[in-house]
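Structural description and commentary
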Amino acid sequence: MIKPNPFTPQSGWEPRVFGGREKESSVFERSLEDALALRPNHLLLLGEWGIGKTSLLKQFKRITQERGLPACFCSISRFSGKDRPLDALHLIAEEVVMGLPGLKASPAKLLDSFSRKKSLVHAQTQFTTFLLELWQAQDAKLVVILLDDLQNLSSVSNTIDILRAVLSKEDIIKKTRFLFILSSTPNDWSVFIDKHDPVGRFFRSRLNVGNLDKTDVVTTVDRTLEDTGVTFDNDIKERIFDHTNGHPYEVQLLASHLYNGQIGGRVDNDSWDNALNNTLKELGKDYFNTLLSKASDREMDLLRILAEEKRPLSIKDLRTMMIVGRYAKKFPIANIKNFLYRLEEKGIIDRNKNGYFDIPDRMFREFVSRRN
Ligand SMILES: Nc1ncnc2c1ncn2[C@@H]1O[C@H](COP(=O)(O)OP(=O)(O)O)[C@@H](O)[C@H]1O
Ligand SMILES: [Mg+2]
């Protein structure tokens, strides 16, 4: 009997088989050791949508607990301009209290130090008191707090500055030992540090979360398929890597569609086109359409050329292509540079160190060329 689909193409769903991330895990283990031996050096994970930040934080939680230490995972929901930093800190406090097992004080008592009625200027004092009391209410040598999706605090960005201020307080440093691991998308993090300069200097240990490598992808797919009654041809596994470049979400989504196309427990090249079409359609709904809607018509013209050429191009290349050849059209040539920089700012294209522009994500490139 063939088992239900084992792939997990849902944001925030942990993969059935956690692939790769040896380097990231050892960085985290070192942070744990340093925190136990000396003092906590809070760590920040940076990575784009779907790259595996949430899954990695949950892996860190498991590693911590395996060592016999408590850890709690807090998912930060989106705050709006009407909220105050105090609301955000209160949510974090609630999640921490709910997530830590065996506390000696009741949740209500611990959150009591944290009254919503008091004014915003007290947020810092209240969060400090909360952490001091929380520390008293447990026996471990170290408590790990994982805060996921910090970018959701953009509209109350001083929350992070308050967190920084609290964690730098002498009382907190002397009397407690909390290790904070944060995650955010890179662009939002740059905005935070632009606005609140000391934040960048405080959270100095960073881990850039990137794609999985080829071996990781092939091994993850194989191990996920174990005991399901389904096998993928080697060719298919190669193609999964070629198309996704190891982007974890794309790997899970594509593999999931391929799995659904099995015939007699086998997935070969006959299943490919259909699975790829469905994957692109879903990626469009999840993400690519939103990304594309940020591009103006003129920017779209340039994006189409990059998608078709499938290679990095310089400003000069693009300028020439707009004047002669098959892409030639009426175009404000003088502004090409601005359009390209704007596309880069919006996170739609990349610029390499030689100043060449490219669409880095093959799936996105495929998506753009199919819209022509
Ligand atoms: N190390 C990994 N190995 C295999 N699949 C992974 C891994 N990390 C993430 N995934 C899968 O990728 C998708 C996105 O992961 P997620 O952790 O939600 O990313 P993010 O939080 O950065 O948006 C999920 O479907 C998840 O199951
Ligand atoms: Mg996430």
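What counts, and where the lines are drawn
- Residues numbered from 1 in each chain as written.
- Chains lettered and ligands numbered in written order.
- Predicted model: local features only at pLDDT ≥ 70, side-chain atom pairs only at ≥ 80, totals over all residues.
- Helix = DSSP H or I, 4+ residues; strand = E, 2+ residues; numbered from the N terminus.
- Buried ≥ 20, exposed ≤ 12 C-beta atoms within 10 Å, placed from the backbone.
- Contact = placed C-beta atoms within 7 Å.
- Domains from an automatic or database assignment.
- Nonpolar A, V, L, I, M, F, W, Y, C, P; charged D, E, K, R; others polar.
- Pairing = 2+ DSSP bridges.
- Axes fitted to C-alpha atoms, helices over the stretch in contact; angles between N-to-C directions.
- Near = placed C-beta within 6 Å.
- Core = buried A, V, L, I, M, F, W, Y, C linked by C-beta atoms within 7 Å.
- Expected span 1.5 Å × (residues − 1).
- Arc of directions from axis to C-beta.
- Parallel < 35°, antiparallel > 145°, perpendicular 65-115°, else oblique.
- Left-handed = near helix turned anticlockwise from the far one by under 90°.

Side note on the overall build of the protein
The helix and strand tally for the protein stands at 17 helices and nine strands. Per-residue burial over the protein gives 34% buried out of 372 residues. Considering only intrachain contacts with a sequence separation of at least 6, the fraction spanning at least 24 residues in the protein is 75%.

Some words on the domain arrangement of the protein
Assigned domains of the protein: these are domain 1 (22-208), domain 2 (214-291) and domain 3 (295-370). Counting from both sides, the interface comprises four residues of domain 1 and, opposite them, four residues of domain 2. Split by residue class, the side of domain 1 that touches domain 2 holds two nonpolar, two polar and no charged.

Re the environment of Asp-235
Note on placement: Asp-235 falls in helix H11 (residues 234-244). Taking the C-alpha atoms as reference points, Asp-235 and Asp-268, 33 residues apart in sequence, are found 7.5 Å from one another.

What about the sheet that holds strand S3 (residues 143-148)?
The strand order S2-S3-S4-S1-S5 describes an open sheet built from five strands, whose pairing is parallel. With partners counted over all chains shown, the strands left at the sheet margins are strand S2 (71-75) and strand S5 (205-208), one partner each. On average, adjacent strands in this sheet sit at an angle of 20 degrees to one another, irrespective of strand direction. As defined by bridge partners, S2 adjoins S3 across five bridges and the pair is classed as parallel.

Side note on the site of ligand 1
For ligand 1, the set of nearby residues contains 24 residues, the closest of which are Pro-15, Gly-52, Thr-54, Ser-55 and Pro-248. Of all the secondary structure elements, the ones that give two or more residues to the shell around ligand 1 are helix H2 (53-66) and helix H12 (248-260). Taken together, domain 1 (22-208) and domain 2 (214-291) each give at least three residues to the shell around ligand 1, which thus spans both.

Observations concerning the nonpolar core
Judged by nonpolar contacts, the single largest core of 46 residues is most densely connected at Leu-89, Leu-146 and Ile-181. Per-element accounting of this core gives the leading share, seven residues, to helix H3 (residues 85-99). Excluding residues within four positions of it along the chain, Leu-89 makes contact with Ala-123, Phe-127, Thr-159 and Ile-162. Counting residues in hydrophobic clusters, the runner-up holds 38 residues, among them Ile-236, Tyr-249, Leu-258 and Leu-280.

Considering the environment of Leu-56
If you trace the backbone, Leu-56 turns up in helix H2. Note on Leu-56: 24 C-beta atoms within 10 Å, which makes it buried. Beyond its immediate sequence surroundings of up to four residues, Leu-56 is in contact with Arg-21, Glu-24, Leu-45 and Val-209.

Here's the deal with helix H14 (residues 297-309)
Counted at 1.5 Å a residue, the expected span for H14 with its 13 residues is 18 Å, and the 19 Å between its end C-alpha atoms agrees. Buried within H14 we find Leu-302, Leu-303 and Leu-306. The buried side chains of H14 occupy one side of the element, clustering within an arc of 105 degrees when seen end-on. Next to the buried residues of H14 lie helix H15 (315-323), helix H16 (336-345), strand S9 (357-358) and helix H17 (362-370). Just beyond H14, the residue with positive phi is Lys-310, at close to 55 degrees.

As for helix H6 (residues 158-167)
Along H6, the residues that are buried comprise Thr-159, Ile-160, Ile-162, Leu-163 and Val-166. Down the axis of H6, the sector holding all buried residues measures 155 degrees, keeping them to one side.

Considerations on the pairing of strand S1 (residues 43-46)
Every second residue of S1 is oriented toward a common face, with Leu-43 and Leu-45 on one face and Leu-44 and Leu-46 on the other, all of them buried. Taken together, the four bridges between S1 and strand S4 (residues 178-184) define a ladder with parallel strand orientation. Bridge pairing in S4 places Leu-44 opposite Leu-182. For S1 and S5, the ladder comprises four bridges, and the chain directions are parallel. Bridge assignment links Leu-44 to a residue of S5, and that residue is Arg-206.

A look at the packing of H12 against helix H13 (residues 272-293)
Close contact between H12 and H13 brings their axes to 9 Å; oriented N to C, the two are set at 140 degrees. Looking at the two axes, H12 sits oblique to H13. As for how H12 packs across H13, the hand of that crossing is right-handed. Every residue of H13 that contacts H12 at Leu-253, Leu-254, His-257 and Leu-258 is listed here: Ala-275, Asn-278, Thr-279, Glu-282 and Leu-283. Taken together, the residues of the contact of H12 with H13 break down into five nonpolar, three polar and one charged.

Things to note about unusual backbone geometry
Backbone geometry follows two general trends: most residues other than glycine have a negative phi, and most peptide bonds adopt the trans configuration. The residue Arg-21 is not glycine, and still its phi comes out positive at about 65 degrees. Relative to the helices and strands, Arg-21 resides in the segment before helix H1 (22-37). Although it is not a glycine, Asp-227 sits at a positive phi angle of roughly 65 degrees. Examined against the element boundaries, Asp-227 turns out to sit in the loop between helix H10 (214-225) and strand S6 (231-232). Under the C-beta neighbour-count criterion, Asp-227 is labelled exposed, with 8 such atoms within 10 Å.

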